[in-house]
Amino acid sequence: MKSIPRTENALVLRTHFSDDAAWESICAAIQEPVGQFEFQAYVDCLSDPEYDGLTVAQLTELVPKDSRFFMFIVDRVALTHPDRPILVVDLLNEPGRAFRAIPSVMWGVENNLSIVNMDFSELADNVDKDGIFHGFSAVSGQAASN
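All figures in this text were calculated on a predicted structure; none of them were measured in a lab.

Conventions adopted
- Residues numbered from 1 in each chain as written.
- Predicted model: local features only at pLDDT ≥ 70, side-chain atom pairs only at ≥ 80, totals over all residues.
- Heavy atoms only, no water.
- Pairing = 2+ DSSP bridges.
- Helix = DSSP H or I, 4+ residues; strand = E, 2+ residues; numbered from the N terminus.
- Contact = heavy atoms within 4.5 Å.
- Axes fitted to C-alpha atoms, helices over the stretch in contact; angles between N-to-C directions.
- Buried < 20%, exposed > 50% of the residue type's maximum accessible area, 1.4 Å probe, protein only.
- Polar contact = N/O pair within 3.5 Å; in protein donor to acceptor, adjacent residues only side chain to side chain.
- Core = buried A, V, L, I, M, F, W, Y, C linked by side-chain atoms within 4.5 Å.
- Phe/Tyr/Trp six-rings, centres within 6.5 Å; stacked < 30°, edge-to-face > 60°.
- Salt bridge = Lys/Arg side-chain N within 4 Å of Asp/Glu carboxyl O.

Description of the sheet that holds strand S4 (residues 86-90)
Taken in spatial order, the 6 strands line up as S2-S1-S3-S4-S5-S6 in an open sheet, and their pairing is mixed. Of all the strands in the sheet, just strand S2 (43-46) and strand S6 (132-133) have a single pairing partner and so form its edges. Two elements, strand S1 (residues 10-14) and S2, share 4 bridges in a ladder whose sense is parallel. Bridge pairing in S2 places Leu13 opposite Leu46. Strands S1, S2, strand S3 (70-74) and S4 of the sheet are contacted by helix H1 (residues 20-31), whose axis makes an angle of about 175 degrees with S2. The sheet contacts of helix H4 (residues 106-114) involve S1, S2, S3, S4, strand S5 (98-101) and S6, and relative to S3 the element is tilted by about 155 degrees.

Here's the deal with the pairing of S5
Pairing of S4 with S5 involves 4 bridges; the strand directions are antiparallel. Each bridged residue has a counterpart across the sheet, and for Val89 the counterpart in S5 is Ala98.

With respect to the side chain of Asp48
If you trace the backbone, Asp48 turns up in the loop between S2 and helix H2 (56-62). You can call Asp48 buried: its relative accessible area is 16%. Only 2.5 Å separates the side chain of Asp48 from the side chain of Lys2, close enough to count as a polar contact. Non-local contacts of Asp48, meaning those with residues more than four positions away in its chain, are made with Lys2, Arg14 and Phe17.

Section: the environment of Phe17
Summarising the element assignment, Phe17 is placed in the loop between S1 and H1. A residue is classified by how much of its surface remains accessible, and Phe17, at 24% relative accessible area, is partly exposed. Sequence separation of Phe17 and Asp75 is 58 residues, and the distance between their C-alpha atoms is 8.5 Å.

Observations regarding the nonpolar core
If you look at the biggest cluster of nonpolar residues, it comprises 29 residues, and the most contacted ones within it are Ile30, Phe72, Val74, Val88, Phe99, Ala101 and Val109. Of all hydrophobic cores here, the second largest spans 14 residues; its members include Leu54, Met71, Ile73 and Val89.

Concerning the packing of aromatic side chains
Taken as a whole, this structure holds 5 aromatic pairs when the rule is applied. Judged by centre distance (4.5 Å) and plane angle (10 degrees), the rings of Phe39 and Trp107 are stacked. Taken as a pair, Phe39 in the loop between H1 and S2 and Trp107 in helix H4 lie far apart in primary sequence, 68 residues in all. Its relative accessible area of 25% is what places Trp107 among the partly exposed residues. Put simply, the rings of Phe69, Phe70 and Phe72 pair up and form one aromatic cluster.

Description of the pattern of salt bridges
Taken as a whole, this structure holds 6 salt bridges when the rule is applied. Between Asp75 and Arg100 there is a salt bridge; the shortest N-O distance is 2.6 Å. Linking Asp75 in the loop between S3 and helix H3 (76-80) with Arg100 in strand S5, this pair joins segments that are 25 residues apart in sequence. Each member of the pair, Asp75 as well as Arg100, carries the same accessibility label: buried. Linking Arg97 and Glu94 is a salt bridge whose minimum nitrogen-to-oxygen distance equals 3.4 Å. Salt bridges here are not isolated pairs; linked through shared partners, they connect Glu94, Arg97 and Asp125.

In structure tokens, the structure reads:
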């Protein structure tokens, strides 16, 4: 199995190959500017059948040791669930710890983790009952602003 390549931006890695249109839609949604200030996630999407079906544990072993300390995985759940929740995986403090985030809040996840404005646990500890992060306003019971 080949190592996961280093990328300029945060990595969005595809591990399920049943729906090309859904994959393309997710990548576009993640990178879509959001809100008045057009915040956006800075990511590189990687689709390589070599990683098809791999688990989080297998993938974390393939990440170069000097890469970013988190990654995003588009797996079967992300491609088939109506909210398209992407798996966010910790590679540093608790390797393999994960939560899901909907595409419209990925900019906040990526931005805050990339500049170390927030710890992974601050995001992971604020998911809904299904383990999905919808943004902080959604956790407090208000509608998430998109």
